[in-house]
Amino acid sequence: MKLINETALIIGSTSGIGKKLAEIFLKKGCKVAICSRNEKNVNKTLSDFKKEFGDCIIGHVCDVTDPFSLKNIVKKTVDAFGSIRILIANAGISLSYGPFHYLSPEKAYDETKTTIEKI
Ligand SMILES: NC(=O)c1ccc[n+]([C@@H]2O[C@H](COP(=O)([O-])OP(=O)(O)OC[C@H]3O[C@@H](n4cnc5c(N)ncnc54)[C@H](OP(=O)(O)O)[C@@H]3O)[C@@H](O)[C@H]2O)c1
């Protein structure tokens, strides 16, 4: 499958699964925005891919737990590529921790709702 002229934003893409996905999408002809919290990681990933993929890749610092940071990476991706057709939310966030009896659907709902309201 080719992804020529498709656009992807991959959250958490400077190592592991996210970085590999960025490489696969780039090789298929997709334009890819990579991001993570650490600027050094972002720059290293950009330098790993820029030589082969040129303007098809952009990268910025983004912490997905920060709504403003998230809005910023979305804007920068749309500004650069015109759209986001593929979104990969690869940076995992765990809300509840603890023994099984501590967890409940109500608690999970409250925590998720609070997080979404911040956005
Ligand atoms: N590897 C596995 O076997 C496995 C199995 C099941 C599920 N998963 C899930 O798959 C996802 C990726 O796993 P992985 O093994 O590839 O992890 P990884 O190698 O640690 O990569 C995580 C990436 O996400 C970035 N990141 C972390 N927190 C972030 C945040 N708040 N905002 C933006 N970027 C963030 C990291 O860079 P910075 O540190 O620079 O932010 C890094 O680029 C995770 O959600 C993990 O829970 C993995």
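The structure contained in this document is the topic of the report that follows.

Definitions and limits used
- Residues numbered from 1 in each chain as written.
- Predicted model: local features only at pLDDT ≥ 70, side-chain atom pairs only at ≥ 80, totals over all residues.
- Helix = DSSP H or I, 4+ residues; strand = E, 2+ residues; numbered from the N terminus.
- Buried ≥ 20, exposed ≤ 12 C-beta atoms within 10 Å, placed from the backbone.
- Near = placed C-beta within 6 Å.
- Nonpolar A, V, L, I, M, F, W, Y, C, P; charged D, E, K, R; others polar.
- Expected span 1.5 Å × (residues − 1).
- Contact = placed C-beta atoms within 7 Å.
- Pairing = 2+ DSSP bridges.
- Axes fitted to C-alpha atoms, helices over the stretch in contact; angles between N-to-C directions.
- Bend = angle between axes of the 7 residues up to and from the residue.

Focus on the overall build of the chain
The secondary structure content of the chain amounts to 4 helices and 4 strands. Along the chain, helices and strands appear, N-terminal first, in the series β-α-β-α-β-α-β-α. In the chain, which comprises 119 residues, the proportion classed as buried is 24%.

Some points on the site of the ligand
Not every one of the 19 residues close to the ligand is listed here, only the nearest: Gly 12, Gly 16, Ser 36, Arg 37 and Gly 92. The leading source of residues in the shell around the ligand is helix α1 (residues 16-27), at 3 residues. For the shell around the ligand, the residue count by class is 5 nonpolar, 12 polar and 2 charged.

Looking at helix α3 (residues 67-81)
Between its first and last C-alpha, α3 extends 21 Å over 15 residues, near the 21 Å set by a 1.5 Å rise per residue. Check the buried side of α3 and you find it contacts β1 (7-11), β2 (31-36) and β3 (57-61). Looking at the residues trailing α3, positive phi occurs at Gly 82, about 90°.

Overview of unusual backbone geometry
In the Ramachandran plot, Asn 5 falls in the positive-phi region, its phi being about 65° despite a non-glycine side chain. In this fold, Asn 5 is placed in the segment before β1. On the neighbour-count criterion, Asn 5 (12 C-beta atoms within 10 Å) is exposed.

Concerning the sheet that holds β1
Strands sit in the order β3-β2-β1-β4 across an open sheet of 4 strands; the sheet is parallel. Lying at the two open borders of the sheet, with one neighbouring strand each, are β3 and β4 (86-89). Averaged over neighbouring strand pairs, the angle between their axes works out to 15° when direction is ignored. Of the pairings in the sheet, the one linking β1 to β2 comprises 5 bridges and is parallel in character.

As for helix α2 (residues 39-53)
Under the 1.5 Å per step criterion, the end-to-end length of α2 is 20 Å for 15 residues, consistent within 8% with the ideal 21 Å. The largest bend in α2 is about 25°, located at Ser 47. Gly 54, located one to two residues past α2, shows a positive phi value of around 50°.

So, to be careful, I would describe these as geometric facts and stop short of saying anything about function.
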